[in-house]
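# Summary of the model geometry
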Amino acid sequence: MDHLRSEKMSFVQLIIPVESAHRAVSYLGELGLLQFRDLNADKSPFQRTFVNQVKRCGEMSRKLRFFKDQISKAGLLSSARPASQPDIELEELEVQLDEHERELLEINANSEKLRQTYNELLEFKLVLLKVICQNTAATLNLRVFQEMQPDPSIKAGLRFISGIICKSKALMFERMVFRATRGNLLFNQAPAEEQVMDPVTSEMVEKTVFVVFFSGEQAKSKILKICDAFGASCYPVPEDTNKQRKLIREVLSRLSELETTLDAGFRQRNKALSSIGFCIGKWSIMVRKEKAVYDTLNMLNFDVTKKCLVGEGWCPLFAKPEIQVALQRATIDSSSQVGIIFHGMDAVEPPPTYFRTNRFTHAFQEIVDAYGVARYQEANPAVYTVITFPFLFAVMFGDWGHGMCLLLGSLILIFRERKLQSQKLGNFMEMAFGGRYVLLLMALFSIYCGLIYNEFFSVPFYIFGSSAYKCRDPTTCSDAYTTGLIKYREPYQFGVDPKWRGSRSELPFLNSLKMKMSILLGVTQMNVGIILSYFNAKFYGSSLDIRYQFVPQMIFLNSLFGYLSLLIVIKWCTGSKADLYHVMIYMFLSPTDDLGENQLFWGQKALQIFLLLIAIVAVPWMLFPKPFILKKLHSERFQGRTYGILGTSEMDLDAEPDSARQHHEEFNFSEVFVHQMIHSIEFVLGAVSNTASYLRLWALSLAHSELSTVFYEKVLLLSWGYNNIIIRLIGLVVFSFATAFILLMMETLSAFLHALRLHWVEFQNKFYHGDGYKFRPFCFASLADEDD
């Protein structure tokens, strides 16, 4: 029963010499069993002692993120340096990171300048090539444009501007130039033969080369402004063909030189990034640990001598020897002359809650903690949730064919556990992987319940022998499903008789079976919840809760719904309409006693009236005594006193819940009475509503079965009724997709959420407060990657 109660916690104090502080906190981080308390909560992060060290670690983290981004952009893979490499100090690492950053920034700046020059020369080359190729057409167009000019002086002053622009802006650019010059121009354009890199987005874009013929300085000024607005690059091209050819040779030569220089720069950059990539994983872990250590040291205070740091925190009782060994090792390794003092203290605040879990139980504990973390030493619902949660899911999802599909999926996740743990998964896959063992038990229980319901993708099988029913008349055996069947042998050995499938009594029989089963399961689980409230009250030593909550709650629930459940079981066992009174007569009286129907009737009425009366009495039993007893205890303890009692941690922990000891400052009777009244009303109304809420087990189980039947009969069987392979394949595909996405995904999620609600509301509200807080020790293993 170690998992039923959280681990016993101890509030401890550490007095650490300054020279041992860093190493001691590091060793405690490796151990991960001590939760430090922030003694500087009233100070801002910038007022703490080790703020400069935290800033340095933050700056190193920024540089490491920059390196990772550069490695990712370069398409390189980072790997961890072999363990044989020696460790380095934080100061040395800081110097190395600074050098690497300066080197990369310088390389990037030079590469960016060279790339910009290369892009300009490439665009210039494209413009020159297009101008030379279209020289004849441009000359002809120019002569036509000159002949259109009426003024001879204008003919003599014709000029042109050549350049390159993005293809997506070319049409708008042409229209704008035409409007600005009122049509007094000649515009030629042609697509560039090569794509050019955009300096902003670093993506290759298509561009268009243009030549604009115009006259006048005013037109030139307008065209240049428009080019600047549209991001077009203009390049001067001489009119002489020989000069053009000479210029293009020079441009091609410079481009070749720049390509060689850029390749050398890329190789140098990749070499630097590769050397960083071998160590970046190790460096990132080191910086994260150092930052976590200094953040923790900022939670400690200096003593009056300024030579020691004082820290407080919580640790499990079993971890004290391990923590002491780690602190002794820190003292020896730091060569300190003064040892670290580690001792227990009394605490005013309640301890944190810590349950030791493994890979199997972790997911079930998270399901409970999602509702609320258990109060310290409170009964842990996860102990029962391990079985009850997958079982209630299976009651709603009972089909051993669908259960085998879930089992296959869960086994794949479990067998590939190590591989999937190191990968980044999507939201859905991460949720499925985290609950792989929950999924495993859900699948196993679904197979079990499916065998009870005798459903395999809604099809019954004669697994455990032949049916207990046969046709009433062999000649009309084909109409057995409409005329009925007769029982001729012992019942089917396990589960539902397959003969019920398709009979006229199938739906009434399954409705009755699943509805009554839901009530039995619900009343049983609610009784378990109330019994756990008894163990909680006994553990905390609260006799008031036992006498005035547990006892009346058990009486109220079982006098109504317990009696109903017992009648259901008796009817199933006897196979008749006998009620509880009949069974009592049969058990306690002689078979020769002659009791008439009138006596049985009035005996049954008397029993029911008695149960109803004690259920009514249980309501004021829950409501009135406890507040008045608490008021009396408070008056006796504080009569004639003007001071409050100085409490200790032991007194607070041993005090009865809702007792006078916890209200020693001021006792408000009306507040206590209203709280008790609300609690009583919630239980009385909840006893009815919660029992009705368990009928969702019946409703979802029936819906799952009928939906599966519809897909099987109306899709698969209907398509296979045609003698056409295409129709059969279509029907098989539709049936497979419907089974996978509706029954195995949507129905699984629906049943999961309903089982979750039954545990959170109907079960846990009987005993579970859930107002505690988790034990979160300082642990390097739980440090999240900053990129994540």
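Naming follows an unreviewed UniProt entry, where the chain appears as V-type proton ATPase subunit a of Acorus calamus. The heading Function (unreviewed entry) in the UniProt record of the chain holds the text "Essential component of the vacuolar proton pump (V-ATPase), a multimeric enzyme that catalyzes the translocation of protons across the membranes. Required for assembly and activity of the V-ATPase." What UniProt records for the chain under Subcellular location (unreviewed entry) is the sentence "Membrane".

## Description of the side chain of R5
For R5, the position within the fold is in the segment before β1 (9-17). Buried and unpaired, R5 has E378 as its nearest opposite-charge partner, separated by 7.5 Å. Within the structure, R5 has its side chain in polar contact with the side chain of N536 (distance 2.7 Å). Beyond its immediate sequence surroundings of up to four residues, R5 is in contact with F355, Q377, E378, A379, F535, N536 and F539.

## Concerning the packing of aromatic side chains
Across all of its chains, the model carries 38 aromatic pairs by this definition. Look at F173 and F230: their rings are 5.8 Å apart centre to centre, the planes differ by 70°, and that puts the pair in the edge-to-face class. A residue pair is termed long-range when its members are at least 10 positions apart, and F173 in helix α6 (residues 170-180) and F230 in the loop between α7 (217-229) and β8 (233-235) qualify at 57 residues. You can call F173 buried: its relative accessible area is 0%. Residue class for F230 comes out buried when judged on its relative accessible area of 17%. On the numbers, 5.4 Å between centres and 70° between planes, the contact of Y534 with F535 is edge-to-face. Since its relative accessible area comes to 24%, Y534 is described here as partly exposed.

## Looking at the nonpolar core
Counting 63 residues, the largest nonpolar core has F389, F393, V438 and L697 as the members making the most contacts within it. Considering each element in turn, this core owes the most residues, 11 residues, to helix α16 (residues 436-453). Sequence-distant contacts of F389, defined by excluding residues within four places in its chain, comprise I367, V438, M442, F752, A755, L756 and H759. Grouped together as the second largest cluster of nonpolar side chains are 47 residues, C57, L90, I280 and V293 included.

## What about the UniProt feature "transmembrane region" (unreviewed entry) in the chain?
Per the UniProt record, the feature "transmembrane region" (unreviewed entry) sits at residues 391-415, 436-453, 517-535, 555-572, 606-624 and 725-746. Measuring from the first to the last C-alpha atom of residues 391-415 gives 23 Å, for a span that is 88% helix and 0% strand. Helix makes up 100% of residues 555-572 and strand 0%, with an end-to-end C-alpha separation of 24 Å.

## Things to note about the side chain of N108
Looking at the element boundaries, N108 is found in helix α3 (residues 90-133). Overall, the relative accessible area of 19% leaves N108 in the buried class. Among the polar contacts listed, one links the side chain of N108 to the side chain of Q70, at a separation of 3.4 Å. Sequence-distant contacts of N108, defined by excluding residues within four places in its chain, comprise F66, Q70 and R269.

## A closer look at the sheet that holds strand β7 (residues 207-215)
Spatially, the four strands line up as an open sheet ordered β4-β7-β3-β8, and their pairing is antiparallel. Sheet topology places β4 (186-191) and β8 at the edges, where each strand pairs with a single neighbour. Averaged over neighbouring strand pairs, the angle between their axes works out to 25° when direction is ignored. Taken together, the three bridges between strand β3 (residues 158-166) and β8 define a ladder with antiparallel strand orientation. Bridge assignment links G163 to a residue of β8, and that residue is C234.

## Section: unusual backbone geometry
Non-glycine residue F457 carries a positive phi angle of around 55°. The topology assignment puts F457 in the loop between α16 and β12 (469-471). By relative accessible area, F457 is classed as buried at 18%.

## Here we look at the environment of Q377
With respect to the secondary-structure elements, Q377 resides in the loop between α11 (362-371) and α12 (382-396). By relative accessible area, which is 6% here, Q377 ends up buried. Taking the C-alpha atoms as reference points, Q377 and G772, separated by 395 residues in sequence, lie 9.7 Å from one another. With residues up to four places along the chain from it excluded, the contact list for Q377 reads R5, S6, E7, K8, F539 and Y540. A distance of 2.4 Å separates the side chain of Q377 from the backbone oxygen of S6, its partner in a polar contact.

## Some details on the packing of α12 against helix α25 (residues 696-720)
As a packed pair, α12 and α25 sit with axes 7 Å apart at the nearest point and diverge in direction by 50°. In terms of their interaxial angle, α12 and α25 are classed as oblique. Here α12 contributes L392, V395 and M396 to the contact with α25, which in turn contributes R696, L697, L700, S701 and H704. Among the residues making up the contact of α12 with α25, the classes are represented as five nonpolar, two polar and one charged.

## Thoughts on a nonpolar patch on the surface
Taken together, F428, M429, M431, V733, F737, F741, M745 and M746 make up a surface patch of nonpolar side chains, about 830 Å² in accessible area. When residues of the nonpolar patch are traced back to their parent elements, those giving at least two are α15 (427-434) and α26 (725-763). The biggest single contributor to the nonpolar patch is α26, with five residues. Position of M746 among the secondary structure elements: in helix α26.

Reading the values: rules and limits
- Residues numbered from 1 in each chain as written.
- Predicted model: local features only at pLDDT ≥ 70, side-chain atom pairs only at ≥ 80, totals over all residues.
- Heavy atoms only, no water.
- UniProt positions renumbered as here; feature names shortened; annotations may be inferred.
- Helix = DSSP H or I, 4+ residues; strand = E, 2+ residues; numbered from the N terminus.
- Buried < 20%, exposed > 50% of the residue type's maximum accessible area, 1.4 Å probe, protein only.
- Lys, Arg positive; Asp, Glu negative; His and termini not counted.
- Salt bridge = Lys/Arg side-chain N within 4 Å of Asp/Glu carboxyl O.
- Polar contact = N/O pair within 3.5 Å; in protein donor to acceptor, adjacent residues only side chain to side chain.
- Contact = heavy atoms within 4.5 Å.
- Phe/Tyr/Trp six-rings, centres within 6.5 Å; stacked < 30°, edge-to-face > 60°.
- Core = buried A, V, L, I, M, F, W, Y, C linked by side-chain atoms within 4.5 Å.
- Pairing = 2+ DSSP bridges.
- Axes fitted to C-alpha atoms, helices over the stretch in contact; angles between N-to-C directions.
- Parallel < 35°, antiparallel > 145°, perpendicular 65-115°, else oblique.
- Nonpolar A, V, L, I, M, F, W, Y, C, P; charged D, E, K, R; others polar.
- Patch = residues over 30% accessible without salt bridge, like charges linked within 9 Å, V, L, I, M, F, W, Y side chains within 5 Å.
- Areas by Shrake-Rupley, 256 points an atom, 1.4 Å probe, with all protein chains shown as cover.

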